[in-house]
Amino acid sequence: MTLGRTTFVVLLLHWLNAISVGAQGIKAGVARVEITPPPGTPMWGYFDRQSGATGVLDPLYARVLVLEAGNERLALVTLDLGRTFGPASLDRLKDSTQKASRISHLLVAVFHIYAGPVIQDEYSSAVLVWEIEALEKIGRAVDQATKTLVEARIGSGYGSVYIGYNRRRVNPDGTVTMLWDNKTRQPTSPIDPTVSVLRLDTKDGKPLAILVNYACHAVIFGASNLRFSADFPGVVCRTVEKAGPQQALCFFLQGACGDINPYYASTAEEEDPVKWCQWTGELLGKEAARVASSIAPQSDGKASLAVREDRLPFRLRWDPAKFRESILALLGPKAYETFAASIKTEYQLPVTTVLINRQIALMSMPGEPFVDFQVDWRNRCPVRDSFFLGYANGYYGYFPTIQAASEGGYGAADAVTWIEAGAGERMVDHAIVKVYEMLERLVENPEK
């Protein structure tokens, strides 16, 4: 077969572009900005709080990592918040960063803290001023990270630590008992103690960013706490940064912690939650720092970045009228009017899948996945390193496994679980297919 002149030129250009990308390697840039709301702002997580925040234990931040390879730019944004901003706010942020910073893809994830502010943008037409200002700050931080892009090396490593437990106990008779704390640290299952770490250095070996992926609810501070705090993930970030070079920025990536609590969950003020927050965060942070110090990031001669952003259709799990009654009973009339999102019968849930250098994969879910999904994703993902991000690019309640949904319990069969059963399984399957496609091991069209 003889190639036509035009075909030959196109292939040559593709080949030259591939050589150029490989020669440059992946690029990375980081930035951080404070987004702490003012006192008086309503707080997320506990509906029985009687007032807004009265102060600040530690500042809340947005951290930005921008990755670039070829014509693709991904901005990974982590927020010290309970949930992400709503769809309209995220769309505006995506549009503004695309125009200002040529960001191709935006992945926004949160710590899922209960000592942070309520995000009002889905509940009220009058968006709070601090939210508007926070989104503007995040946009500028993305631009700052983009302007500092440098050629980077990347590496991964793993450790293990036990800071939490599974809060659902399935009894011999099939009923479910919720264990809201476990101060005696009794073993439960399933859990995932895996500490997954990504480290990015400059080409000269200077640490740039350390990403720590772990699954555990950030709920050490209870309803009596009225001061903002990033809970134990904030301690993790400070511990990792203190252990290594000051220039390295630590990112905590919350995993599939829908059924995982820290041992010292909802600690009352008189029981010193600050102490137990520090204990939990330092234990995880020291292990993450140990793993990070053992990683030797490498340059990849075939640097690549592939991202798939998809929306999957799902139905409301419940009868809409009965579901509204359940939410009203759970929240009470006052909280319902303030915090209850509109009830729909059909949803489009965002799932993002990322493949870096054909070796490192990330997938996201827009809510609270049970830990089994993280383990399943890691076991079935066809690349060497796989990271799972919960609470990313949206918030649509809990995603229990099908088995847990049939058993019941909080987060499995109640008013905080509104997407149809089987949604989590479908999202994991979808992300795995996308990785295979990005690896070109699955093709869209059958061979002729």
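In what follows, the structure referred to is the one given above.
Described in the following lines is the structure provided in the data block. (Residues numbered from 1 in each chain as written. Predicted model: local features only at pLDDT ≥ 70, side-chain atom pairs only at ≥ 80, totals over all residues. Heavy atoms only, no water.)

**Here we look at the sheet that holds strand S5 (residues 105-110)**
Hydrogen bonds between backbone groups are what pair the strands of a sheet, and the pairing can be parallel or antiparallel. Across the sheet, eight strands lie side by side as S5-S4-S3-S1-S6-S10-S11-S13; this open sheet has mixed pairing. Looking at strand neighbours, the two that pair on one side only are S5 and strand S13 (249-254), the edges of this open sheet. In this sheet, adjacent strand axes meet at a mean angle of 25° when their direction is disregarded. Alignment of strand S6 (residues 150-160) against strand S10 (residues 194-202), held across nine bridges, turns out to be antiparallel. Its bridge partner being in S10, glycine 155 is matched across the sheet by arginine 199. Lying on the sheet, helix H4 (residues 231-243) is in contact with strand S1 (27-34), strand S3 (61-69), strand S11 (207-214) and S13; it crosses S13 at an angle near 145°. (Pairing = 2+ DSSP bridges. Helix = DSSP H or I, 4+ residues; strand = E, 2+ residues; numbered from the N terminus. Axes fitted to C-alpha atoms, helices over the stretch in contact; angles between N-to-C directions. Contact = heavy atoms within 4.5 Å.)

**Things to note about the packing of aromatic side chains**
The full count for this structure, using the stated rule, is 14 aromatic pairs. Ring geometry for tyrosine 398 against tyrosine 410: centres 5.6 Å apart, planes inclined by 75°, an arrangement best described as edge-to-face. Residue tyrosine 398 is found in strand S20 (residues 398-399), and its partner tyrosine 410 is found in the loop between helix H9 (402-407) and helix H10 (423-438); the two are separated by 12 residues along the sequence. Residue classification places tyrosine 398 among the buried positions, given a relative accessible area of 1%. (Phe/Tyr/Trp six-rings, centres within 6.5 Å; stacked < 30°, edge-to-face > 60°. Buried < 20%, exposed > 50% of the residue type's maximum accessible area, 1.4 Å probe, protein only.)

**Focus: the sheet that holds strand S16 (residues 346-356)**
Ordered by their spatial adjacency, four strands build an open sheet running S15-S16-S17-S19, and the pairing between neighbours is mixed. Edge positions in the open sheet fall to strand S15 (305-315) and strand S19 (385-389), since each of these has one partner strand only. Adjacent strand axes in the sheet meet at a mean angle of 15°, parallel and antiparallel pairs treated alike. Pairing of S16 with strand S17 (residues 360-364), which is carried by four bridges, proceeds in the antiparallel orientation. By the bridge assignment for S17, isoleucine 356 is matched with isoleucine 360. This element, helix H8 (residues 371-380), spans S17 and S19 of the sheet and lies at about 155° to S19.

**Examining the side chain of asparagine 357**
Structurally, asparagine 357 is set in the loop between S16 and S17. Residue asparagine 357 is classed as buried on the basis of its relative accessible area of 6%.

**Let's talk about the side chain of serine 364**
Secondary-structure assignment places serine 364 in strand S17. On the basis of relative accessible area, serine 364 is assigned to the buried category, the value being 0%. In this structure serine 364 touches Leu107, Val351, Thr352, Leu389 and Ala392, once residues within four positions along its chain are discounted.

**Notes on H8**
Among the residues of H8, those classed as buried are Val371, Phe373, Gln374 and Trp377. Axial view of H8: buried residues confined to an arc of 160°, hence all on one face. (Arc of directions from axis to C-beta.)

**Describing the pairing of S3**
For S3, a buried count of eight out of nine residues is recorded, marking the element as mostly surrounded by other parts of the structure. As paired elements, S1 and S3 share eight bridges and run antiparallel to each other. Within the sheet, the bridge partner assigned to alanine 31 lies in S3 and is valine 64. Across eight bridges, the pairing between S3 and strand S4 (residues 72-79) is antiparallel. Within S4, the position partnered with leucine 65 by the bridge is leucine 76.

**Observations concerning the pattern of salt bridges**
A side chain of one charge can pair with a side chain of the opposite charge if their charged atoms are brought near each other. All told, the structure shown has 19 salt bridges when counted by the stated rule. With its nearest N and O atoms 3.6 Å apart, the salt bridge here joins arginine 315 to glutamate 420. In this pair, arginine 315 is assigned in strand S15 and glutamate 420 in the loop between H9 and H10, connecting sequence segments 105 residues apart. Exposure remark for glutamate 420: the relative accessible area of 14% places this residue in the buried category. Here the salt bridges share partners, and the residues they tie into one network are Glu68, Arg73 and Arg102. (Salt bridge = Lys/Arg side-chain N within 4 Å of Asp/Glu carboxyl O.)

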